[in-house]
Amino acid sequence: MQIRLFRQTRTSLALWYAVVMGLILTVCGFVVYEVIIDAYLFSINQELESVSGTLHDVIEPTLKKPGRMEPVFQQVLPNICLVESSCPTEKIFGQSQHTLPEHGLFSPVYKNKQYYIRFVNLSGRLIAAAGFQPHELPAIVQTKVWQTLKDPQGNRYNQKTLPLHIQDNQVWGYIQVGRSLKELDNRLAALKLVLALGLPITVLLVGGSSWWLAGLAMRPIDRSYKQMQQFTSDASHELRTPLAAINATVETILDIEHLSEQEARDTLASIQRQNYRLAELVSDLLLLSRLDQQTLATQWVPCCLNVLIHDLIEEFSALASAASLKLTSSVLSDQPLYVMGDEDQLLRLLSNLIANAIKYTTAGGYVNVILKCNNGYAVIEVQDTGIGIAPGEQKRIFNRFYRVNSDRSRTTGGSGLGLAIAQAIVEAHRGSLHVQSQLGKGSTFIVQLPLTVNPLSNPNP
């Protein structure tokens, strides 16, 4: 169920990401397509505006009679062909069809631009033509200023039409200057092909990469989910054991008809022990939850580690003596070391480490607590000559409810939360906790906490 749930979520994330990116890329492609069209048409229209305007300004002042060709036409356009003359077709559609005239008013700057120029009378009939002449393009055209025409082969042309006037302001006819849009259409066709092929491929690549990224993003969630499942399982086990013991004790007592006072006291003592275990476990779980959510009420004050360690050594001396161990402390600093933190939490941290060291050290061994400073940090080392921890287990011992070799017997006691609580307290104090250990030789738990200013020192002696 868990694998199926995460797989469905991962697939949904990948699909939604691919769909959104596909829409974004589609919109971007459409915008780029429109911008390219507008840019090319603007450039073409600017050129047509320049050519038609220049021709108009040169030819119009010399016109005297509507529809009559003046010598200026030949001077400006040497290769112009009059429709009424016996001009051969190839002169219009032959060598000159790829360029405007190379002499006269127009220089080779317009060479290979595929321009055409037409002169039309008032009735719309073609009088003369020059430059590139498209085949089968209608000779009679409307006199709109700007037009986009298309020949039978589907080739498009952009054309500008301007009226020509004689000296008494009568209309002589019209000049039409056009240019082929074949180059633009070819580029747009290539762009359409790129977009048509590139967009699906890009979406597929985005979908694949999003699937991979979704997997990476969900790894911490999957890990947290597994930890939560393990935590729930372990907590249930820890809670079930004392509850089962209490229930069994009560059922046994209920089956006894006559219960002596001593038996009643023993029964209540057993229930009290199990209840204490339950209360301690619930208290540890509540502490961990509050530390994780940073909702634990804390009093941050300067705490002297020298005093805390001295008090803990005195507190655990009796326990160490009962286990036939030697408990000592070493302070490798000339000045008292202070850290900013919660004194109760720091006591809980150090007591958990010392209690663990005593618990897993055999008789005749020793536990030594070392206090020193290093690069602005207070360093506390809890050394023991105990059973040690295997290298593969050292990273896992700080997990909640984890015991080496999954030992859940009561011989070692505890619920497996001590080191997890210690690590949570260290992290809440912006410090670090790690272990160095060898099997059969002992372990050293090293705590680093940032130092603070000694509140008893006088900054201005």
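Throughout, a residue's number is its position along its own chain's written sequence, starting from 1. Only residues with pLDDT of at least 70 are given local features in this predicted model, and only at 80 or more are side-chain atom pairs given and counted; all residues enter the totals for whole chains, interfaces and linings. To get the side-chain values, all heavy atoms of the structure are used, and hydrogens and water are removed first.

1. Comments concerning the UniProt feature "transmembrane region" (unreviewed entry) in the protein chain
Phase 1: UniProt positions are given in the numbering used here, feature names are shortened, and annotations may be inferred rather than shown by experiment. In the UniProt entry, the feature "transmembrane region" (unreviewed entry) is given for residues 14-36 and 189-214.
Phase 2: Counting secondary structure, residues 14-36 comes out at 100% helix and 0% strand; the distance between its end C-alpha atoms is 32 Å. What counts as a helix is a DSSP run of H or I of at least four residues, what counts as a strand is a run of E of at least two, and both are numbered from the N terminus.

2. Some thoughts on helix H6 (residues 305-322)
Phase 1: Any helix carries an expected span of 1.5 Å times its number of residues minus one. Taking 1.5 Å per residue as the helical rise, H6 with its 18 residues ought to reach 26 Å, and the 26 Å between its terminal C-alpha atoms agrees with that figure.
Phase 2: Once H6 finishes, Ser324 follows within two positions and takes phi at roughly 60°, a positive value.

3. Structural notes on the side chain of Asp384
Phase 1: Checked against the element boundaries, Asp384 lands in strand S11 (residues 377-384).
Phase 2: Working definition: with a 1.4 Å probe on protein chains only, accessible area under 20% of the residue-type maximum means buried, over 50% means exposed, and in between means partly exposed. Neither His nor the chain termini are counted; the positive set is Lys and Arg, and the negative set is Asp and Glu. Whenever Lys or Arg places a side-chain nitrogen within 4 Å of a carboxyl oxygen from Asp or Glu, that contact is recorded as a salt bridge. Of the side chains bearing the opposite charge, Lys359 lies closest to the buried Asp384, which forms no salt bridge; the N-O distance is 12 Å.
Phase 3: N or O atoms within 3.5 Å of each other form a polar contact, as long as, within protein, one can give a hydrogen and the other can take it, and as long as residues adjacent in sequence are counted only when both atoms are side-chain atoms. A polar contact of 2.8 Å, which involves the side chain of Asp384, links it to the backbone nitrogen of Gly386.
Phase 4: Residues count as neighbours in contact if any of their non-hydrogen atoms are within 4.5 Å of one another. Ignoring any residue separated from it by four or fewer positions in sequence, one finds Asp384 in contact with Ala357, Thr361, Tyr366, Val367, Lys441, Gly442 and Ser443.

4. Considering the nonpolar core
Phase 1: We define the nonpolar core as a collection of buried residues of types Ala, Val, Leu, Ile, Met, Phe, Trp, Tyr and Cys that are connected through side-chain atoms lying within 4.5 Å of one another. One finds Leu349, Leu353, Ile380, Leu433, Phe445 and Val447 to be the most contacted residues of the largest nonpolar core, which totals 47 residues.
Phase 2: Elements with a contribution of two residues or more to this core: helix H5 (261-293), H6, helix H7 (343-359), strand S10 (366-374), S11, helix H8 (418-428), strand S12 (432-438) and strand S13 (442-450).
Phase 3: In contact with Phe445, other than residues within four places in its own chain, are Leu353, Ile380, Glu381, Val382, Ile389, Ile397, Phe398, Leu419, Leu433, His434 and Val435.
Phase 4: Ranked by size, the runner-up nonpolar core spans 29 residues in total, among them Ile59, Ile80, Trp172 and Ile175.

5. A look at the sheet that holds S12
Note: strands within a sheet are paired through backbone hydrogen bonds, in either parallel or antiparallel orientation.
Phase 1: If you walk across this open sheet you meet the five strands as S8-S10-S11-S13-S12, and the pairing is mixed. Two strands in the sheet have a free side with no partner beyond their single neighbour: strand S8 (326-331) and S12. Taken over all neighbouring pairs, the strand axes of this sheet differ in orientation by 15° on average, direction set aside.
Phase 2: For two strands to count as paired, DSSP must find a minimum of two bridges between them. Strand direction decides the pairing type here: S8 and S10, joined by six bridges, are parallel. Residue pairing in the sheet places Thr328 in a bridge with Asn368 of S10.
Phase 3: The axes used here are C-alpha line fits, helices contributing only the stretch in contact, and every angle between their N-to-C directions lies in the interval 0 to 180 degrees. Contacts from H6 reach S8, S10 and S11, with the element oriented near 170° to S8.
Phase 4: Sitting on the sheet, H8 touches S12 and S13, and the angle it makes with S12 is about 140°.

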